[in-house]
Amino acid sequence: MLVRMTTNAGQPETRPRRRSPAGAAVLREDVTEAIRAAVFEELAAVGYARMSIEGIARRAGVGKTAVYRRWRSKLHLVLDVVSAIAVMGLPAPDTGSLEGDLRLLYEVTSRALRHPVASQILPDLQAEAARNPEIAEALQKALEQGQDGVASSIVRAAEQRGELRVGVDDELALDIISGPLYWRSVVVRSPKLPKGYLDALARATAEALKAL
């Protein structure tokens, strides 16, 4: 299609109208989210080593081309999905007490870790992380950032209430808060927590933080 313009001499000038590049792809967000969901399901079903782009596409109900338009390999796809966990975060508890905040955090976290998909994916990715530095870095970032902000919020709130001294070491506090539940749920993979475990853990953790 042509567009008529006027030159400095007052004479009309004809120039071609710009068009969008032919074949430019518009990536649908619903397809992208379907693929991401399929990655979690495929990881839980077959593990990273046996996971394939074909299997992901089939589970998502799309063609392989739709996957390759977004990620160039299954490694990059998994790295993207795992890294996305880091920015999701958890809601910061606000119960008015250190022990109450810890108890609520542990309740939410334990439910997430006991989810069938998460309980299958995390151990498998940990095994792959030992062989693949890129997965190791992405997994570490997801696990640390997923709770780092929440743990820091709990500690800062406790400092303001006078329950903790000001200036508690954030990294040490994060280790104390996150370590025990992660160990039992992901490493030991205990199928069910003992009755009263989360209450006792929150109480013990609060006392440990006060000793810092």
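Higher on the page you've got the structure.
Residues numbered from 1 in each chain as written. Predicted model: local features only at pLDDT ≥ 70, side-chain atom pairs only at ≥ 80, totals over all residues. Heavy atoms only, no water.

## Overview of the overall build of the chain
Worth spelling out the cut-off: Helix numbering and strand numbering both begin at the N terminus, where a helix is a DSSP run of H or I of at least 4 residues and a strand a DSSP run of E of at least 2. A simple rule labels every residue: compare its accessible area, found with a 1.4 Å probe on the protein chains alone, to the largest value its type can have, and call it buried under 20%, exposed over 50%, or partly exposed in between. Note on definitions: a residue-residue contact is assigned when non-hydrogen atoms from the two residues lie within 4.5 Å. Note that accessible areas follow from Shrake-Rupley with a 1.4 Å probe, and for residues the cover is restricted to the protein chains shown.
Secondary structure assignment for the chain yields 9 helices and 2 strands. Reading the helices (α) and strands (β) of the chain from amino to carboxyl end gives β-β-α-α-α-α-α-α-α-α-α. With 212 residues in all, the chain has 35% of them scored as buried. Within the chain, counting contacts between residues at least 6 apart in sequence, those at least 24 apart form 61% of the total. Accessible surface, the chain as shown: approximately 12800 Å² in total, 53% of it carbon and sulfur.

## With respect to the pattern of salt bridges
When charged atoms on two side chains of opposite charge get close, those side chains can pair. Which entries qualify depends on this criterion: Put simply, a salt bridge is a Lys or Arg side-chain nitrogen that is within 4 Å of an Asp or Glu carboxyl oxygen.
Summed over all chains, the structure comprises 14 salt bridges. The network of salt bridges with shared partners includes Arg 103, Glu 107, Arg 111 and Asp 199.

## Describing the packing of aromatic side chains
To be explicit about the condition: Centres within 6.5 Å are what make two rings of Phe, Tyr or Trp a pair, Trp counting through its six-membered ring; a difference in plane orientation under 30 degrees is then read as stacked, over 60 as edge-to-face, and the rest as tilted. Only when the NZ atom of a Lys or the CZ atom of an Arg is both within 6 Å of the ring centre and within 35 degrees of the ring normal do we say a charge sits over the ring.
Summed over the entire model, instances satisfying the criterion amount to 0 aromatic pairs. Its end group placed over the ring of Tyr 48, Lys 74 keeps NZ or CZ at 4.5 Å from the ring centre. Its guanidinium or amino end placed over the ring of Tyr 197, Arg 184 lies 4.6 Å from that ring's centre, counting from NZ or CZ.

## A short note on the packing of helix 8 (residues 170-187) against helix 9 (residues 197-210)
Which entries qualify depends on this criterion: Throughout, an axis means a line fitted to C-alpha atoms (over the contacting stretch in the case of helices), and angles, computed between N-to-C directions, take values from 0 to 180 degrees. Between 65 and 115 degrees an angle is taken as roughly perpendicular, under 35 as roughly parallel, over 145 as roughly antiparallel, and anywhere else as oblique. By definition, any crossing whose near helix is turned counterclockwise from its far helix by less than a right angle is left-handed, and any crossing with a clockwise turn is right-handed. Asp, Glu, Lys and Arg are counted as charged, while Ala, Val, Leu, Ile, Met, Phe, Trp, Tyr, Cys and Pro are counted as nonpolar; the rest, among them Gly, fall into the polar class.
In the contact formed by helix 8 and helix 9, the axes pass within 9 Å of each other and the chain directions differ by 155°. With respect to their mutual orientation, helix 8 and helix 9 come out roughly antiparallel. Note on packing geometry: the crossing formed by helix 8 with helix 9 is right-handed. Between helix 8, through Ala 173, Ile 176, Ile 177, Pro 180, Leu 181 and Arg 184, and helix 9, the contact on the second element is made entirely by Tyr 197, Leu 198, Leu 201, Thr 205, Ala 208 and Leu 209. Among the residues forming the contact of helix 8 with helix 9, the class breakdown is 10 nonpolar, 1 polar and 1 charged.

## Digging into helix 2 (residues 53-60)
Along helix 2, the positions that sit buried rather than exposed are Ile 53, Gly 55, Ile 56, Ala 57 and Ala 60. Directly after helix 2, the chain includes Gly 61, whose backbone phi takes a positive value near 75°.

## What to know about the packing of helix 5 (residues 98-114) against helix 8
Contact geometry of helix 5 with helix 8 gives a least axis separation of 11 Å together with a crossing angle of 30°. Between helix 5 and helix 8, the angle is such that the two are roughly parallel. In this structure, helix 5 crosses over helix 8, and the sense of that crossing is right-handed. Contacts between helix 5 and helix 8 involve Leu 102, Leu 105, Tyr 106, Thr 109, Ser 110 and Leu 113 on the former and, on the latter, Ile 176, Ile 177, Leu 181, Tyr 182, Ser 185 and Val 186. Partitioned by chemical class, the residues of the contact of helix 5 with helix 8 number 9 nonpolar, 3 polar and no charged.

## Describing the nonpolar core
We apply this condition: For this analysis, a nonpolar core means a set of buried residues of the types Ala, Val, Leu, Ile, Met, Phe, Trp, Tyr and Cys, connected via side-chain atoms within 4.5 Å.
Ile 35, Val 39 and Leu 77 are the most contacted members of the largest nonpolar core, which totals 29 residues. Elements with a contribution of two residues or more to this core: helix 1 (29-50), helix 2, helix 3 (64-70), helix 4 (74-88), helix 6 (116-129) and helix 7 (133-161). Setting aside residues up to four positions removed in sequence, Val 39 forms contacts with Met 51, Ile 56, Leu 77, Val 78 and Val 81. Among the nonpolar cores identified, the runner-up in size contains 22 residues, and Val 150, Ala 151, Ala 158 and Ala 202 belong to it.

## Comments concerning the side chain of Lys 74
The line we're drawing: Here a polar contact is taken to be a pair of N or O atoms separated by no more than 3.5 Å, where protein atoms must pair a possible hydrogen donor with a possible acceptor and residues adjacent in sequence count only if both atoms sit in side chains.
By secondary structure assignment, the location of Lys 74 is in helix 4. Looking at Lys 74, its side chain comes within polar contact range of the main-chain oxygen of Ala 49, at 3.3 Å. Among residues more than four places away in sequence, those in contact with Lys 74 are Tyr 48, Ala 49, Arg 50, Met 51 and Ile 53.

## Focus: the side chain of Arg 70
Heads up, the condition is: His is not counted, nor are the chain ends, whereas Lys and Arg count as positive and Asp and Glu as negative.
Its place among the elements puts Arg 70 in helix 3. Although Arg 70 is buried, it forms no salt bridge, and the closest oppositely charged side chain is Asp 30 at an N-O distance of 6.4 Å. A polar contact of 2.7 Å, which involves the side chain of Arg 70, links it to the backbone oxygen of Ala 66. Apart from the residues within four sequence positions on either side, Arg 70 is in contact with Leu 27, Arg 28, Val 31, Thr 32 and Ile 35.

Function-wise, these values are silent; they only describe arrangement.
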